[in-house]
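Survey of secondary and tertiary structure
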Amino acid sequence: MAKTLFQKVWDAHAVRKLPNGQTQLFIGTHLIHEVTSPQAFGMIRDLGLKVKYPQRTFATVDHIVPTNELREPYSDPIAQEMIEALRKNTKDFGIRFFDTNTGTQGIVHMVGPEQGITQPGTTIACGDSHTATHGAFGAIAFGIGTTQVRDVLATQTLALSPLKVRRIEVNGRLAPGVYAKDVILHIIRVLGVNGGIGYAYEYAGSTFDAFTLEERMTVCNMSIEGGARCGYVNPDQKTFDYIKGRPYAPKGADWDAAVERWKSFASDPGCRYDDVVKFDAADIRPTVTWGITPGQAVFIDEKMPALESLNDADRQTAADAYQHMKLSPDTPIKGTKVDVAFLGSCTNGRISDLREAAKYLKGRKVSPSVKAIVVPGSQLTAIQAVKEGLDKVFTEAGFEWRGAGCSMCLAMNPDKLVGDQLCASSSNRNFKGRQGSQTGRTVLMSPVMVVAAAITGQVADAREVFKV
Amino acid sequence: MSLAKITLVRASAVAVPGDDIDTDRIIPARFLRCVTFDGLGEHAFRDERTGPDGKERAHPLNTPEAAAVSKAKKGVMVVGFNFGCGSSREHAPQSIWRFGFTAIVGGSFAEIFFGNSTALGVPCLSLSKDDLAELTALVQKQPGVEVTVDVEGLKVSCEGRSWKATIPAAARDGLINGKWDPIADLLGDDGAVNKTANGLAYVAGK
């Protein structure tokens, strides 16, 4: 019978049916970081348990690391305590830790792919909702809570119920100035922030076929913003080419066997989906959020919605959003003053994002009224960017060049908005207070749109600013 | 591991209405700078409850009825749709539970939040839109009113009114049988786990 990738991966990892009807699912790869793991290690110790597969568990530090303070002890003693707790836990239990002094530290969802740990046909779990990022490789990757981190540490399994599969097909070529970020913001806008509850999203179609792995990661990353706990793209030659030669990639004869195996996990032609939704790439324009949920978005050349145009369910949240954002319904968002530009995060902090942003930034200057920071998602990305001279392009234009981490995506480190500053951000969430100030305001957009905003000091249409 | 059977929660209710309430609002990220969950209860909805000037503002959790829930360590929170969307932080349900709430009734729940709550033994039951509106109105009119969350019987009642409620079968089964923490089951058959692992080339190193 023809099956989806989701079903095949699920079947290959199903251990047994549990008494409550859920499946005990084997998790082949467990990624951990400093924020959601210390309590789990505490529970393991309290229960007298061991880590069952330390060799299938990989750690890094990302959420709390300062990006402008490379020496320890950090000025935030709690951050110092958290990184030291992870060092101790990984040492005590024999877990590989991509620490800050290794040149391989970074956002956990960047480290997995960079190291070749993220592979097709595997199950991946991490105590972070953006774990769906790894689905870009044809893995089934779940964000989990801390109690579940404990479950995976102790048993390498989770108790889960299967998801339905929605195929989201995007066909055709994106117009110049339109990026993977616009595609996922558009999908969420149309299907809603809770449209994916109960589903895994399979992204497909000629637009995805043409995407690089980094572009696929940008889309899969934000599946959770659409309510879907995981999202994936079927593996293809591009996937295999990306993985080949990375430290944890299979070598020699194992490589050929692995590729054959990986190919077999792709969804079969004619398989049944619980739902299919189709988009035309040509309909997608640069997209920005105007509200406090990632679904509250418009094309840059559209007006923000009038309250009367919304249905009852959306109107209250929209009214709340307009009040928080200090924006007016039925007016253009283009031209809104920007105070901060943030380029980074597990959504858009990869080398291709930095290259594309630098391409347009080169020879231009950040508006004097804007504080602009660029935070490479990982140390390897930072090293590559420096090698290509991208750091110079950014700093000469007036961006601050920072160390690797999550930074202002969620502001657990010192990178925070102040007061009601409005941030043009390449990250994934525009929730109230998300970027560290209770009254701070976030407008999500693609990296090139962030550059356009940084230069002009306002929410701008990059296609006009750069004449693309 | 012996756990309580959570078949029914009967307690004072406080309504925290609104759709798409995300986990950053439930517990802002700065409170995730910790290595234990201790003390999270007092910071539940911190930035909704305290203004930028540091002063307390009008919020359902700043009321005497909410204080009574904290004191009793028992209460029902009535919320909207897509509650708990956003990050996977277990700190969110931990903060609600440590504040004192032992059950949540809403329209729908984000999946990771729902799973995290269930693993704490906090049942999250869903009502239809109209029924939730009726319950919310009752609780807002009379904060602290007693609400009965019948996990086993799949209904929620208040002031003589009763509504049909839903919760995924596996979660209900775990709660009412005192097996809401799955660890015992997951540890139950190590041989089966090893067998699956040995069949996976990338795990077995084949």
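Not measured: the values here are computed from a predicted model.

1. Overview of the overall build of chain B
Looking only at helices and strands, chain B has 10 helices and 7 strands in total. For a compact globule of 206 residues, the expected C-alpha radius of gyration is about 17 Å, and chain B comes in at 18 Å, within 12% of that figure. Principal axes of the C-alpha set define a box for chain B whose edges measure 60 × 40 × 30 Å. Sorting the 206 residues of chain B into buried and exposed places 50% on the buried side. A separation threshold of at least 6 residues defines the contact pool for chain B, and within that pool the share at least 24 residues apart is 71%.

2. Brief notes about the nonpolar core
Val-288 and Ala-341 of chain A together with Val-76 of chain B are the most contacted members of the largest nonpolar core, which totals 209 residues. The biggest single contributor to this core is helix α16 (residues 447-456) of chain A, with 8 residues. Shared between two domains, this core takes at least three residues from each, and those domains are domain 1 (5-264) and domain 2 (287-465) of chain A.

3. What about the interface of chain B and chain A?
With 51 residues of chain B at the interface, the matching set in chain A holds 60 residues. In terms of residue count, helix α5 (residues 111-119) of chain B provides more of the side of chain B that touches chain A than any other element does, 5 residues in total. The residue inventory of the side of chain B that touches chain A, partitioned by class, reads 26 nonpolar, 10 polar and 15 charged.

4. Section: helix α6 (residues 129-141) of chain B
Residues and elements named next belong to chain B. Its 13 residues give α6 an end-to-end C-alpha distance of 18 Å, which sits within 8% of 18 Å, the value for a rise of 1.5 Å per residue. Looking at α6, one finds that the buried residues are Leu-132, Leu-135, Thr-136 and Val-139. Taken end-on, α6 shows its buried residues confined to a sector of 100 degrees, consistent with a single buried face. Projecting away from the buried face of α6 at angles above 90 degrees are the exposed residues Asp-130, Ala-137 and Lys-141. For α6, the secondary structure elements touched by its buried residues are β1 (8-15), β2 (76-78), β3 (103-106), β5 (146-150), β6 (155-158) and β7 (161-164).

5. Some remarks on helix α7 (residues 169-176) of chain B
Turn by turn, an α-helix covers 3.6 residues, leaving residues three or four places apart pointing in a common direction. Residues and elements named next belong to chain B. Those residues of α7 lying buried are Ala-171, Arg-172, Gly-174 and Leu-175. One face of α7 carries all of its buried residues, which in axial projection span an arc of 165 degrees. Those residues of α7 hidden inside the fold are in contact with α5. Gly-178, located one to two residues past α7, shows a positive phi value of around 65 degrees.

6. A word on the domain arrangement of chain A
Residues and elements named next belong to chain A. As assigned here, chain A comprises domain 1 (5-264) and domain 2 (287-465). Spacing between the C-alpha centres of domain 1 and domain 2 amounts to 24 Å. Listed as interface residues are 37 residues of domain 1 and, on the opposing side, 37 residues of domain 2. Those elements giving two or more residues to the side of domain 1 that touches domain 2 turn out to be α4 (108-115), α6 (180-191) and α8 (213-221). Ranked by residues supplied to the side of domain 1 that touches domain 2, first place goes to α6 with 6 residues. Tallied by class, residues from the side of domain 1 that touches domain 2 come to 13 nonpolar, 16 polar and 8 charged.

7. Overview of the sheet that holds strand β15 (residues 340-343) of chain A
Residues and elements named next belong to chain A. Taken in spatial order, the 5 strands make up an open sheet running β17-β16-β15-β18-β19, and their pairing is parallel. With one partner strand each, in any of the chains shown, β17 (399-401) and β19 (441-444) form the two edges of the open sheet. When the angles between neighbouring strand axes are averaged without regard to direction, this sheet yields 25 degrees. Note that strand β16 (residues 371-374) and β17 share 3 bridges and pair parallel. By the bridge assignment for β17, Val-374 is matched with Trp-401. Helix-sheet contacts for helix α15 (residues 390-397) involve β16 and β17, and the interaxial angle to β17 is about 140 degrees.

8. What to know about the packing of helix α13 (residues 351-361) of chain A against α16 of chain A
All names here are of chain A. Look at α13 against α16: their axes get within 8 Å of each other, and the N-to-C directions meet at 35 degrees. Judged by the sense of rotation from one axis to the other, the crossing of α13 with α16 is right-handed. Of the residues in α16, those touching α13 at Asp-353, Glu-356, Ala-357, Tyr-360 and Leu-361 are Pro-447, Val-448, Val-450 and Val-451. Class assignment of the residues belonging to the contact of α13 with α16 gives a composition of 7 nonpolar, no polar and 2 charged.

9. Observations concerning the sheet that holds β1 of chain B
All names here are of chain B. As summarised here, the arrangement of the 7 strands in space is β4-β3-β2-β1-β5-β6-β7, forming an open sheet in which the pairing is mixed. Bordering the open sheet on either side are β4 (124-126) and β7, each of which pairs with just one other strand. Here the average twist between neighbouring strands, direction ignored, is 30 degrees. Bridge count between β1 and β5: 5 bridges; the pairing is antiparallel.

10. Comments concerning the packing of helix α2 (residues 38-46) of chain A against helix α5 (residues 146-155) of chain A
All names here are of chain A. Close contact between α2 and α5 brings their axes to 8 Å; oriented N to C, the two are set at 55 degrees. If you check the angle between α2 and α5, you find them oblique. Both α2 and α5 take part in a crossing whose hand is right-handed. On α5, the residues touching Gln-39, Ala-40, Met-43 and Ile-44 of α2 are Thr-146, Val-149, Arg-150, Leu-153 and Ala-154. Partitioned by chemical class, the residues of the contact of α2 with α5 number 6 nonpolar, 2 polar and 1 charged.

11. As for unusual backbone geometry
In this structure, the amide linkage connecting Glu-72 of chain A to the following residue, Pro-73 of chain A, adopts the cis form with an omega of 0 degrees. Tracing the chain through its elements places Pro-73 of chain A in the loop between β4 (57-60) and α3 (77-93). Despite not being glycine, Asp-20 of chain B has its phi angle at roughly 55 degrees, a positive value. Within the secondary structure, Asp-20 of chain B sits in the loop between β1 and α1 (23-26). Residue Asp-20 of chain B is classed as buried on the basis of its C-beta count, with 30 C-beta atoms lying within 10 Å.

12. Looking at the environment of Phe-31 of chain B
Residues and elements named next belong to chain B. The residue Phe-31 is located in the loop between α1 and α2 (46-49) in this model. Looking at Phe-31, the number of C-beta atoms within 10 Å reads 17, which means it is partly exposed. For the pair formed by Phe-31 and Leu-154, sequence separation is 123 residues and the distance between their alpha carbons is 34 Å. Residues contacting Phe-31, with those up to four places away along its chain left out, are Leu-40, His-43, Arg-46 and His-91.

13. A word on the pairing of strand β6 (residues 123-126) of chain A
On a regular strand, one side chain projects to one face of the sheet and the next to the other, so that they alternate. Residues and elements named next belong to chain A. Along β6, one buried face is formed by Thr-123 and Ala-125 and the opposite face, lined by Ile-124 and Cys-126, is buried too. Looking at chain direction, strand β3 (residues 29-32) and β6 are connected through 3 bridges and run parallel. Residue pairing for β6: Leu-31 is matched across the bridge by Cys-126. Bridge count between β6 and strand β7 (residues 140-143): 4 bridges; the pairing is parallel. Considered in β7, the bridge of Ile-124 is made with Ala-141.

14. Some points on the confidence of the model for chain B
Taken residue by residue, chain B gives an average pLDDT of 97. The fraction at 70 or more is 99%. With a pTM of 0.98, the predicted complex shows an ipTM of 0.97.

Rules and cut-offs
- Residues numbered from 1 in each chain as written.
- Chains lettered and ligands numbered in written order.
- Predicted model: local features only at pLDDT ≥ 70, side-chain atom pairs only at ≥ 80, totals over all residues.
- Helix = DSSP H or I, 4+ residues; strand = E, 2+ residues; numbered from the N terminus.
- Rg over C-alpha atoms; globule rule 2.2 N^0.38 Å.
- Buried ≥ 20, exposed ≤ 12 C-beta atoms within 10 Å, placed from the backbone.
- Contact = placed C-beta atoms within 7 Å.
- Core = buried A, V, L, I, M, F, W, Y, C linked by C-beta atoms within 7 Å.
- Domains from an automatic or database assignment.
- Nonpolar A, V, L, I, M, F, W, Y, C, P; charged D, E, K, R; others polar.
- Expected span 1.5 Å × (residues − 1).
- Arc of directions from axis to C-beta.
- Pairing = 2+ DSSP bridges.
- Axes fitted to C-alpha atoms, helices over the stretch in contact; angles between N-to-C directions.
- Left-handed = near helix turned anticlockwise from the far one by under 90°.
- Parallel < 35°, antiparallel > 145°, perpendicular 65-115°, else oblique.
- pLDDT = per-residue confidence, 0-100.

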